[in-house]
Each structure stands twice: as C-alpha cells, then as structure tokens.
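# Reading the structure
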Amino acid sequence: MFDTPTPDVRDRMLAAHERAAHLYGLPAGSPRQVWGYGGHSLSAPAGDGWLRLVSVPAGDEGGKRWDGPRLAYETLPGAVPRPELLGLRDWQAGGHAYRAELYVYAAEPVVSPCPAISTDPGLPDVWWKETSAALDVLGATPVPGGREAVREEYLRRVITQFTGHHVDTVTWSTAHGDLHWANITRGPLVLDWEGWGRAPYGFDAATLHVFSLLVPETAARVRTELAPVLDRPEARTAVLTVCAQVLQASDRTAFYTALAGPVRRHLETLGGE
C-alpha cells in the first residue's frame, strides 16, 4: 500500500518475512509485497496463505498496530467478513520484536489497487447489500476498550484547520478506521484490521464515499446505498474528519493530491459550520 521503505528497513523486513515463512513451513519470496507505513509491516502471499509481518522496537510490543488484526479476528462478530487467522508467531532479533500472522489467502481481488478509485468498479447489488450489512454489524459492536481508530483531539484539530468547520458533541461507534477501496475485496472481505476501534459514527461509510469522489457515479451509489448511515446528522463529524485527512495528506501521494479538489467541492455542499 505504501512505498517500499529505506533499504536498511526493506532488507531487514524481507529477511524477517522469509524467516516467518520458514517457521510456518511455507515458501517465501513472493513478488507481491504490501508495505505498511514506514516499513513497519510487510505482507505477501506465502504458499496457500497470506503472511503478515509487523515489527516494533523490542519492548514496545502491544498497542494498536501489534494487536489489531488478532483482536479483530478473535472478538468481532462473524457477520463482519475478514480473513481467518491460522497462526501467530512472535520473536525478537537485533533490537526488534516481530509478529508473524498467517491468514487464509484472500484469492479474490481488492476492489481497487489504489485507495481512491478512478473508474467505476461495477460492483453488483449483492456486494452493496453485504457491505452495508457488515458495516451495520461492525458499527453496532461495543466500542473496544483502549482502541481508538480516530482520536477526539485529532479530529477536532484537523477539522478546524483543514475544513474551517467545527464540531460539538461527537457520537462514537466501532469502525474499521481505514475502509478505502484497496482494503475491501469483491467478496466482499474486509482486510487490514491494524487500526480498528473507536471512531466518529459513520466513519467507514464516509471513507468509502470520500474516496469515491473522483468517480461521480460510484460516489452517488455509495451515497445511496449507505444513506441510512450518511443521512444521519451524527455522521457529519465523520465526513468532515475524512475530508480533513485527505486535505492534510494532499501533498504526500498522487491519489491524495487528485482527491483534494473534489473534497473541497464536496465540503462546499455541506453548508455552514
């Protein structure tokens, strides 16, 4: 998802990923590599599975990135479609701690290789129905203690700074926290549960909508299918947060830069503060 990290991080993570594959008795070296931000994680197919490796400085184990996928698999309702966890191995080496998680391989493709779509994906009615139902179940799940997908201090700051709007009371619910088009398959199966937790009500629906704004017909479809969530006044904070996130990152990657214009136009439709 992110760019390949610096050579030293890349080489260390590739060697650790190969070690993880050997621990599970699986072949390593797949050309398909998915990097996390700063190279803190590396995921790739391994045999018949999908092998995710996460690394933190030794002694910093735990926390959102370390435990998120495991907790999602163990605690979320079965109606929320996500990969099945097959195994988990931890070790330390060279001042770093590693966790290797083996999942059932999701052979079905993601909706888009990029978080923001540039063409209509042509998803069938059943996909929209199942996705909407899964988000309803996830949102109704009790907010997990200690897990925050979006911090209140952060959203209040960036909404004001990047959108000029303000928020009063925030309604919270449980969210995936990064539900863009590269994190959901045509199954649908929701991937990358690293950061799930408490977020403003409607955050996942708002993310799908904002990351569709380059394709008006898809954005309209998201708006229609997820209207029971997005039409509620409580969802306004989520929409403003996602818009602010895009504008904050608009100089970092090409897709954020491309989204910035449509996001600003969308903000104009939201009316007053």
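Located above this text is the structure these notes cover.
So, a few notes on the structure that sits alongside this text. (Residues numbered from 1 in each chain as written. Predicted model: local features only at pLDDT ≥ 70, side-chain atom pairs only at ≥ 80, totals over all residues. Heavy atoms only, no water.)

### Digging into unusual backbone geometry
Omega for the bond connecting G187 with P188 falls within 30 degrees of zero, at 0 degrees, which places this linkage in the cis form. Along the polypeptide, P188 turns up in the loop between β6 (172–175) and β7 (197–200). The backbone of D192 shows a phi angle near 60 degrees, a positive value even though the residue is not glycine. Mapped onto the elements of the fold, D192 is located in the loop between β6 and β7. You can call D192 partly exposed: its relative accessible area is 37%. (Helix = DSSP H or I, 4+ residues; strand = E, 2+ residues; numbered from the N terminus. Buried < 20%, exposed > 50% of the residue type's maximum accessible area, 1.4 Å probe, protein only.)

### Describing helix α6 (residues 216–225)
Along α6, the residues classified as buried are T218, A219 and V222. Buried residues of α6 fall within an arc of 100 degrees about the axis and therefore sit on the same side. Facing away from the buried side of α6 by over 90 degrees, the exposed positions are P216 and T224. Considering only its buried residues, α6 is in contact with α3 (125–140), α5 (203–210) and α7 (227–230). (Arc of directions from axis to C-beta. Contact = heavy atoms within 4.5 Å.)

### Observations concerning the pattern of salt bridges
What the rule picks out here adds up to 15 salt bridges. Two residues, R10 and D11, come together in a salt bridge whose shortest N-O distance is 3.0 Å. For R99, the salt bridge identified is with D90, shortest N-O distance 2.8 Å. Overall, the relative accessible area of 7% leaves R99 in the buried class. When salt bridges that share partners are traced, they join D67, R70, E74, D90 and R99 into one network. (Salt bridge = Lys/Arg side-chain N within 4 Å of Asp/Glu carboxyl O.)

### Brief notes about the sheet that holds strand β1 (residues 34–35)
By way of backbone hydrogen bonds, the strands of a sheet pair with one another, either parallel or antiparallel. Across the sheet, which stays open at both edges, the 5 strands sit in the order β1-β2-β3-β5-β4 with antiparallel pairing between neighbours. Two strands in the sheet have a free side with no partner beyond their single neighbour: β1 and β4 (85–93). Two strands pair when backbone bridges link them, and strand β2 (residues 41–46) and strand β3 (residues 49–57) are joined in this way by 6 bridges, in the antiparallel orientation. Its bridge partner lying in β3, A46 is registered against G49. Across the face of the sheet, helix α1 (residues 7–23) comes into contact with β1, β2, β3, β4 and β5 (96–104) while running at roughly 130 degrees to β3. Here helix α2 (residues 63–75) sits on the sheet and contacts β3, β4 and β5; the angle it forms with β5, its principal contact strand, is near 25 degrees. (Pairing = 2+ DSSP bridges. Axes fitted to C-alpha atoms, helices over the stretch in contact; angles between N-to-C directions.)

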